[in-house]
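Below, each chain spelled out in residue letters.
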Amino acid sequence: MCTLALLGLAGTALSVGGALVEGQQSKQMADYQAKAYEQQARADAQSAAFDQSQERHKQDLLLSQARAQAGASGVGIAGSPTEVLAANARQGQLDLGAMLYGSQLRQNSLNTQAAISRFSGKQAVTASIFKAGSALVGGLSKIYDPTKAAASSTIAGTVPKRSVFFGGSALRTS
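Residues numbered from 1 in each chain as written. Predicted model: local features only at pLDDT ≥ 70, side-chain atom pairs only at ≥ 80, totals over all residues. Heavy atoms only, no water.

Draft legend 1. Representation of the overall build of the protein chain in the model. Assigned secondary structure in the protein chain consists of three helices and two strands. Overall, the protein chain shows an N-to-C arrangement of helices and strands of α-α-α-β-β. Expressed as a percentage of the 174 residues in the protein chain, the buried residues total 17%. When contacts within the protein chain are restricted to residue pairs at least 6 apart in sequence, those whose partners lie at least 24 apart make up 86%. For the protein chain, the exposed surface amounts to about 12,900 Å²; the carbon and sulfur share of it is 62%. (Helix = DSSP H or I, 4+ residues; strand = E, 2+ residues; numbered from the N terminus. Buried < 20%, exposed > 50% of the residue type's maximum accessible area, 1.4 Å probe, protein only. Contact = heavy atoms within 4.5 Å. Areas by Shrake-Rupley, 256 points an atom, 1.4 Å probe, with all protein chains shown as cover.)

Structure representation (structure tokens):
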């Protein structure tokens, strides 16, 4: 009987330990995923900065070419060519702003995913603690069940093998 109780206790300990380890592993995986999302957000920011730099350079070249063509054609810079150049510059700034905005949206999304991943890891640890507690209580209740203990003493009989009676009877042993 003692061996069964020890085996039950060992099984319970393994269940408890397994639940806790599972929670920690889930948290580690969630933290790793969060780091990956944050790394993607940083990479996106760097990529957007490079793209903006390239776009600014391209716009500067186009503006220089437009000025040179206007000057070469003999048309003065005042009036409509100036308005066209200014409109092109404004559109270029809008394009740069749109690139930055798109990058910020992607970065926010990735950072949000990182936060959700970390939260998921914390929830996994909490759930594993409750799972371990449940395994512990369930395992211990299987090892010692008071109803079984009472039933086994009833089966053996209410009168023990050796008993002492007081009052007119002698000491009796079976």
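Draft legend 2. Main features of the nonpolar core. Formed by Ala34, Tyr37, Ala41, Leu110 and Ala114, the largest nonpolar core amounts to five residues. Listed by contribution, the elements that provide at least two residues to this core are α1 (2–72) and α2 (80–143). Per element, the largest residue contribution to this core is three residues, and it comes from α1. Ignoring sequence-local partners within four residues, the contact set of Leu110 consists of Tyr37, Gln40 and Ala41. (Core = buried A, V, L, I, M, F, W, Y, C linked by side-chain atoms within 4.5 Å.)

Draft legend 3. Representation of the pattern of salt bridges within the structure. Enumeration according to the criterion identifies five salt bridges in this entry. Across the pair Lys27 and Asp31 runs a salt bridge whose closest N-O atoms are separated by 2.9 Å. Of this pair, Lys27 and Asp31 both sit in helix α1, four residues apart, which is roughly one turn of the helix. Between Lys58 and Glu55 there is a salt bridge, with the nearest N and O atoms lying 3.7 Å from each other. In this pair, Lys58 and Glu55 both sit in helix α1, three residues apart, roughly one turn of the helix. (Salt bridge = Lys/Arg side-chain N within 4 Å of Asp/Glu carboxyl O.)

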